[in-house]
Amino acid sequence: MTLLELSEGETAAIRALHGDREARRRIESLGLFAGRRVCVIARAPFSGPVMVEDVVSGARVMIARDLAGQIEVT
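Residues numbered from 1 in each chain as written. Predicted model: local features only at pLDDT ≥ 70, side-chain atom pairs only at ≥ 80, totals over all residues. Heavy atoms only, no water.

K.L.:
Give a description of unusual backbone geometry that names residues and reports values.
P.N.:
Of note, the phi angle at Phe46 is positive, near 60°, even though the residue is not glycine. You can see Phe46 is positioned in the loop between β2 (37–43) and β3 (50–54). At Ser47, a residue that is not glycine, the phi angle is positive and equals roughly 65°. As for its position among the elements, Ser47 is in the loop between β2 and β3. (Helix = DSSP H or I, 4+ residues; strand = E, 2+ residues; numbered from the N terminus.)

K.L.:
Please give an account of the nonpolar core that cites residues and values.
P.N.:
As a rule of thumb, nonpolar side chains are buried together in soluble globular proteins. Leu3, Leu32, Ile63 and Ile71 are the most contacted members of the largest nonpolar core, which has 19 residues in total. A total of three residues in this core trace back to one element, the largest contributor, which is strand β1 (residues 11–17). (Core = buried A, V, L, I, M, F, W, Y, C linked by side-chain atoms within 4.5 Å. Buried < 20%, exposed > 50% of the residue type's maximum accessible area, 1.4 Å probe, protein only.)

K.L.:
Tell me what's going on with the environment of Met62, and back it up with residues and numbers.
P.N.:
Note on placement: Met62 falls in strand β4 (residues 60–63). Separated by 13 residues in the primary sequence, Met62 and Pro49 have C-alpha atoms spaced 6.0 Å apart. If sequence neighbours within four positions are ignored, Met62 has contacts with Leu30, Pro49, Val50 and Met51. (Contact = heavy atoms within 4.5 Å.)

Structure below.
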């Protein structure tokens, strides 16, 4: 399952980051790493970005849907 498949309000742990090196670096630059627990806060309409929150720190970031589809969660 990927981060993109989670519903609003669902929480999951990041299991792995997929994609090329540039995509993984971009995801990590947003503070999203394997092992982090995140919650989907909101989804922008019309294929817009997804807002996720780090459960531990409370930090919120918007992530593009193509990148969210490359984050494997459990």
